[in-house]
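Architecture and fold: a report
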Amino acid sequence: MKKTVLITGATSGIGLGCARKFAENGDRLILTGRNEKRLKAIKEELSAKGTEVLTLAFDVREREAARQAVENLPAEWQQIDVLINNAGLALGLEPEYEGDPDEWETMIDTNIKGLLTMTRLIVPGMVARNYGHIINIGSVAGDAAYAGGNVYCATKAAVKALSDGLRIDVANTAVRVTNLKPGLVETNFSNIRFHGDEGRAANVYKGIQPLTGEDIADVALYAANAPAHVQIAEVLILATHQASGSVIVRK
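Note that this is a predicted model, so its numbers are computed, not measured.

Along the protein, the regular secondary structure elements total eight helices and seven strands. Relative to its length of 251 residues, the protein is compact, with a C-alpha radius of gyration of 17 Å against a globular reference of 18 Å. Here the C-alpha coordinates of the protein stretch approximately 50 × 40 × 35 Å along the principal axes. Looking at the protein residue by residue over its 251 residues, the buried ones come to 49%. Accessible surface, the protein as shown: approximately 11,900 Å² in total, 51% of it carbon and sulfur.

Turning next to the environment of Met-107. In this structure, Met-107 sits in helix H4 (residues 101–129). Classification of Met-107 by relative accessible area gives buried; the value is 2%. Along the backbone, Met-107 and Tyr-152 are 45 residues apart, and their C-alpha atoms lie at a distance of 6.7 Å.

This part covers the sheet that holds strand E6 (residues 175–182). Ordered in space as E3-E2-E1-E4-E5-E6-E7, the seven strands form an open sheet in which the pairing is parallel. Edge positions in the open sheet fall to strand E3 (53–57) and strand E7 (234–237), since each of these has one partner strand only. On average, each strand axis in the sheet is inclined to that of its neighbour by 15 degrees, with strand direction left out of account. Sheet topology places strand E2 (residues 28–33) next to E3; five bridges connect them, and they run parallel. Along E3, the bridge assignment pairs Gly-33 with Ala-57. Here helix H8 (residues 213–224) sits on the sheet in contact with strand E4 (82–85), strand E5 (132–137), E6 and E7, set at roughly 165 degrees to E6.

Tallied over the full model, the rule gives zero aromatic pairs. A cation over a ring is seen here: Arg-28 above Trp-77, with NZ or CZ 3.8 Å from the ring centre. The aromatic ring of Tyr-152 is capped on one face by Arg-193, whose charged end is 5.4 Å from the ring centroid.

A few words on the pattern of salt bridges. Tallying each qualifying case throughout the model produces 13 salt bridges. In this structure, the salt-bridge partner of Lys-2 is Glu-52, at a minimum N-O distance of 3.5 Å. Within this pair, whereas Lys-2 is found in the segment before strand E1 (4–7), its partner Glu-52 is found in the loop between helix H2 (36–47) and E3, the two being separated by 50 residues in sequence. With relative accessibility at 49%, the residue Lys-2 sits in the partly exposed group.

The terminal C-alpha atoms of helix H1 (residues 13–24) lie 17 Å apart, and with twelve residues this matches the ideal 16 Å at 1.5 Å per residue to within 8%. Among the residues of H1, Ile-14, Gly-15, Leu-16, Gly-17, Cys-18, Ala-19, Lys-21, Phe-22 and Ala-23 are the ones counted as buried. Gly-26, located one to two residues past H1, shows a positive phi value of around 90 degrees.

Right, let's talk about the packing of H1 against H8 for a bit. Two elements in contact, H1 and H8, have axes separated by 8 Å at closest approach and are oriented at 50 degrees. One way to sum up the angle between H1 and H8 is to call them oblique. Crossing of H1 over H8 shows right-handed handedness. In this structure, H1 contributes Gly-13, Ile-14, Gly-17, Cys-18, Arg-20, Lys-21 and Phe-22 to the contact, and H8 contributes Gly-213, Glu-214, Ile-216, Ala-217, Asp-218, Ala-220, Leu-221 and Ala-224. Of the residues that constitute the contact of H1 with H8, the class distribution is eight nonpolar, three polar and four charged.

Let us look at the side chain of Thr-32. For Thr-32, the position within the fold is in strand E2. Residues contacting Thr-32, with those up to four places away along its chain left out, are Leu-6, Ile-7, Thr-8, Gly-9, Ala-10, Leu-39, Leu-56 and Phe-58.

Rules and cut-offs
- Residues numbered from 1 in each chain as written.
- Predicted model: local features only at pLDDT ≥ 70, side-chain atom pairs only at ≥ 80, totals over all residues.
- Heavy atoms only, no water.
- Helix = DSSP H or I, 4+ residues; strand = E, 2+ residues; numbered from the N terminus.
- Rg over C-alpha atoms; globule rule 2.2 N^0.38 Å.
- Buried < 20%, exposed > 50% of the residue type's maximum accessible area, 1.4 Å probe, protein only.
- Areas by Shrake-Rupley, 256 points an atom, 1.4 Å probe, with all protein chains shown as cover.
- Pairing = 2+ DSSP bridges.
- Axes fitted to C-alpha atoms, helices over the stretch in contact; angles between N-to-C directions.
- Contact = heavy atoms within 4.5 Å.
- Phe/Tyr/Trp six-rings, centres within 6.5 Å; stacked < 30°, edge-to-face > 60°.
- Lys NZ or Arg CZ within 6 Å of the ring centre and 35° of its normal.
- Salt bridge = Lys/Arg side-chain N within 4 Å of Asp/Glu carboxyl O.
- Expected span 1.5 Å × (residues − 1).
- Parallel < 35°, antiparallel > 145°, perpendicular 65-115°, else oblique.
- Left-handed = near helix turned anticlockwise from the far one by under 90°.
- Nonpolar A, V, L, I, M, F, W, Y, C, P; charged D, E, K, R; others polar.

Structure follows, in C-alpha cells:
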C-alpha cells in the first residue's frame, strides 16, 4: 500500500537516504528542511522518477513555522502514515565544562524539542485513525556517552526515552514507534560538528568503512513495511568494525 511519508531533515544524509528509499518503494513524500534550494533539487530528482513529492521549508526549532506548515497541508496530503523524525545535529567535541552554551541550545532545540514538535503535530491524527508509524533517528550515542559527546549524547538518550514513552502512550492503538540507533555514518554530520573543518571531519571515518545514509534508510523501510502485528521497537546499526559509540577498530 502506498504510504504518505513525512521526513524531517531530508536535504542530506540519512534523511535524503530515506527519501530515495521510500520513493523507490512507491510512497508519496513530504520532505522538510531549512534549505529551500536543496529541497527543490531533490523534488525535481524524485519527481522525474514518478514520485509524488511535497516540500516544506522550515526549521524544526521554530514551533510556529512547523505548526503552520503542517496545519496548512493540502487536504490530500494531511493523512500522514509515517513520520521520520530525522532532523538533528552535533556541534563541537569539547569537554562539558568548556562547551558553548549556544551550541548546546541548538542541539537541544533541534534534536529534542524539534522531534517533540513534529510528534505533537502529527501523531494525534495517527491515533485518531488508529494507524501510523513514527520512526525516530536516535544514535548509539544515546546508549552511553563518549569523550566530548556529552550534550549530544544526552539529546540522543532523550530520543530513546521519548520513543519508549510514546510507544507506551500509543500501545492501546495500532500506531507503531521505532527508534533507529546508527553508529558511524558518513554524512555531513562531522562536517557540521567541526564547523566546516573538512580535514578533521574526514579523520572521523579514516581506517573504517562507515555506514551510509542509505544503510539506515534500508532499516527504516523494513520497519515501516513489517506486517501490521510486528513493531520494530529499536534497532542498533553499527559498522562492522565498530563495537560501541567509543570502540572503533581502524585498519
